[in-house]
Amino acid sequence: MKELQTVGLLTISNIFMTFAWYGHLKFKEMEWSKNLGLVAIILISWGIALFEYMFQVPANKIGFKENGGPFNLLQLKVIQEAVSITVFLLFTTLLFKTEKIAWNHFVAFVLIILAVFFAFKKW
């Protein structure tokens, strides 16, 4: 159960993170935000990132082996990166229609999935 909680919280966290990091790039298309300066964009992104931390911190706390969770620190990080790239690919595909995902992007994604496999492999 802690595995699912951890991955679920990391997924929610990464949705907020992706919006905080890249969502502002769509602001120019929205009437209310066309004339915002960089400081305003940064403050909005920080506000969104607060929600990211509200899910990221509990995910790591629940999932960390030394707190009774199933994952060591390296496994948590690799899971987070795999979730992050998955969320980012969905975000890019759905919101940034002009971005093209090429074969090399898919190869990179597969390599990240392989990293997850190797991070959990018992030798």
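In this numbering scheme, every chain counts its residues from 1 along its sequence in written order. Totals for whole chains, interfaces and linings use every residue, but because this is a predicted model, local features are given only for residues with pLDDT of at least 70 and side-chain atom pairs only at 80 or more, for both listing and counting. Water and hydrogen atoms were dropped before computing side-chain values, which therefore reflect all heavy atoms in the structure.

Caption draft 1: The nonpolar core, seen in detail. Grouped together as the largest cluster of nonpolar side chains are eight residues: Leu9, Leu10, Ala59, Phe71, Leu76, Ile79, Val83 and Val87. Elements are defined by DSSP. Helices are runs of H or I of four residues or more, strands are runs of E of two residues or more, and each kind is numbered from the N terminus. Elements with a contribution of two residues or more to this core: α1 (2–22) and α3 (73–95). The element that contributes the greatest number of residues to this core is α3, accounting for four residues. When near neighbours in sequence (up to four residues on either side) are disregarded, isoleucine 79 contacts Val7, Leu10, Phe71 and Phe120. Here, nonpolar core refers to any group of buried Ala, Val, Leu, Ile, Met, Phe, Trp, Tyr and Cys residues whose side-chain atoms link them within 4.5 Å. Using a 1.4 Å probe on the protein chains alone, a residue whose accessible area is under 20% of its type maximum counts as buried, one over 50% counts as exposed, and one in between counts as partly exposed. Contacts were defined at the residue level, with two residues in contact if any of their heavy atoms lie within 4.5 Å.

Caption draft 2: Molecular detail of a nonpolar patch on the surface. For patch building, the residue pool is restricted to those with more than 30% relative accessible area and no salt bridge; the joining distance is 9 Å between like charges and 5 Å between nonpolar side chains (Val, Leu, Ile, Met, Phe, Trp, Tyr). Only the protein chains shown count as cover for residues, with accessible areas throughout obtained via the Shrake-Rupley method and a probe of 1.4 Å. What counts as a salt bridge is simple: a side-chain nitrogen of Lys or Arg found within 4 Å of a carboxyl oxygen of Asp or Glu. A contiguous nonpolar patch, built from Trp103, Val107, Val110, Leu111, Leu114, Phe117, Phe118 and Trp123 and spanning about 960 Å² of accessible area, is present on the exposed surface. Here tryptophan 103 is to be found in helix α4 (residues 103–120). When its relative accessible area of 67% is taken as the criterion, tryptophan 103 is described as exposed.

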